[in-house]
Amino acid sequence: MAHWLYKSEPSAWSWEQQKAAGDKGTEWTGVRNYLARNNMRAMQIGDKGFFYHSNDGLEIVGIVEVCALSHPDSTAKGDPKWDCVDIRAVRDMPKPVTLKDVKASEKLSKMSLVTSMRLSVQPVTDEEWAEVCRMGGLDNPPR
């Protein structure tokens with residue numbers, strides 16, 4: 001299983017809205033960056049990811065999982081070059097992990113959240129996954 005981080009401005013799509021989508025989940029639409037799109041094309045069913053509130057909040061607030069493989073983005077108006085995956089909420093982070101906390105951690109100094117701040121869908125290494133989960137109070141994080 002791979003791990004990812006999905007960024008969303010809470011005013012556009014919040015963690016509460018993601019949870020309200022239920023087990024069906026929702027398309028992760030609107031990504032118009034080739035690297036982020038390629039990340040989604042590499043995802044597999046069951047891959048876990050962090051849900052990150054960008055701009056307002058600047059914190060990892062939950063965990064999601066991929067529930068549908070890469071497919072055409074319904075918001076791309078027929079443009080075949082843009083894909084998305086569907087994700088569903090798995091659980092809240094017991095303690096949201098702030099960007100400030102991530103930047104202060106030596107173990108996370110190479111995390112894409114620190115080095116590629118603008119990328120909306122990012123890979124997360126197994127070590128980064130474990131450390132962020134630890135910081136967020138998850139003793140037994142979803143794998």
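- In the nomenclature of an unreviewed UniProt entry, the protein is known as Putative RNA-binding protein with PUA-like domain of Rhizobium metallidurans.

**A look at the overall build of the protein**
Then comes step 1: For the protein, the count of helices and strands is 5 helices and 6 strands.
Then comes step 2: Helices and strands appear in the protein in the N-to-C order β-α-β-α-β-β-β-α-α-β-α.
Then comes step 3: Across its three principal axes, the protein shows a C-alpha extent of roughly 45 × 30 × 30 Å.
Then comes step 4: For the protein, the proportion of its 143 residues judged to be buried stands at 49%.
Then comes step 5: Summed over all atoms, the accessible surface of the protein reaches about 7,300 Å², with 50% contributed by carbon and sulfur.

**Notes on the pattern of salt bridges**
Then comes step 1: Per the counting criterion, the structure on display carries 9 salt bridges.
Then comes step 2: Of the charged contacts in the structure, one is a salt bridge between Asp73 and Arg32, with a shortest N-O distance of 3.0 Å. Here Asp73 is found in the loop between strand E4 (59-72) and strand E5 (83-98), whereas its partner Arg32 is found in the loop between strand E2 (26-27) and helix H2 (34-41), with 41 residues between them in sequence.
Then comes step 3: Asp73 sits in the buried class, given a relative accessible area of 4%.
Then comes step 4: Residue Arg32 is classed as partly exposed on the basis of its relative accessible area of 38%.
Then comes step 5: As a salt-bridge pair, Asp79 and Lys81 come within 3.5 Å of each other at their nearest N and O atoms.
Then comes step 6: Given a relative accessible area of 29%, Asp79 falls into the partly exposed group.
Then comes step 7: What emerges from the salt-bridge pattern is a single network uniting Glu16, Lys19 and Asp92.

**What to know about the side chain of Ser14**
Then comes step 1: Position of Ser14 relative to the elements: it lies in the loop between strand E1 (3-8) and helix H1 (15-20).
Then comes step 2: We classify Ser14 as buried; its relative accessible area is 13%.
Then comes step 3: Not counting the four nearest positions on each side in its chain, Ser14 is found in contact with Phe51 and His53.

**Notes on the environment of Arg88**
Then comes step 1: Within the secondary structure, Arg88 sits in strand E5.
Then comes step 2: Every residue in contact with Arg88, bar those within four places of it in the chain, is listed here: Gln18, Gly22, Asp23, Gly25, Ile63, Val64, Glu65 and Cys67.
Then comes step 3: Only 3.0 Å separates the side chain of Arg88 from the backbone oxygen of Asp23, close enough to count as a polar contact.

**Examining the pairing of strand E3 (residues 48-53)**
If a strand is regular, its side chains alternate between the two faces of the sheet.
Then comes step 1: With 6 of 6 residues buried, E3 is to be regarded as a mostly interior element.
Then comes step 2: Pairing geometry for E1 and E3, over 6 bridges, is parallel. Paired with Ser8 across the strands is His53, a residue of E3.
Then comes step 3: Here E3 folds back onto E4 in antiparallel fashion, the turn holding 5 residues, of which Asn55 has a positive phi close to 60°.

**Description of the packing of aromatic side chains**
Then comes step 1: Taken as a whole and assessed by the stated rule, the structure comprises 5 aromatic pairs.
Then comes step 2: Seen from their ring centres, Tyr6 and Trp28 are 5.4 Å apart, and the 70° between their planes marks the pair as edge-to-face. Taken together, the residues span a long stretch of sequence, with Tyr6 in strand E1 and Trp28 in the loop between E2 and H2 at a distance of 22 residues.
Then comes step 3: Note on Tyr6: relative accessible area 0%, which makes it buried.
Then comes step 4: Ring plane angle 50° and centroid distance 5.2 Å describe the contact between Trp15 and Phe51, whose orientation is recorded as tilted. One end of the pair, Trp15, is in helix H1; the other, Phe51, is in strand E3, with 36 residues separating them in the sequence. As far as the burial class goes, Trp15 and Phe51 line up, both buried.
Then comes step 5: Among the aromatic residues, those joined into a ring-pair cluster are Tyr6, Trp15, Trp28 and Phe51.

Conventions used here
Residues numbered from 1 in each chain as written. Predicted model: local features only at pLDDT ≥ 70, side-chain atom pairs only at ≥ 80, totals over all residues. Heavy atoms only, no water. Helix = DSSP H or I, 4+ residues; strand = E, 2+ residues; numbered from the N terminus. Buried < 20%, exposed > 50% of the residue type's maximum accessible area, 1.4 Å probe, protein only. Areas by Shrake-Rupley, 256 points an atom, 1.4 Å probe, with all protein chains shown as cover. Salt bridge = Lys/Arg side-chain N within 4 Å of Asp/Glu carboxyl O. Contact = heavy atoms within 4.5 Å. Polar contact = N/O pair within 3.5 Å; in protein donor to acceptor, adjacent residues only side chain to side chain. Pairing = 2+ DSSP bridges. Phe/Tyr/Trp six-rings, centres within 6.5 Å; stacked < 30°, edge-to-face > 60°.

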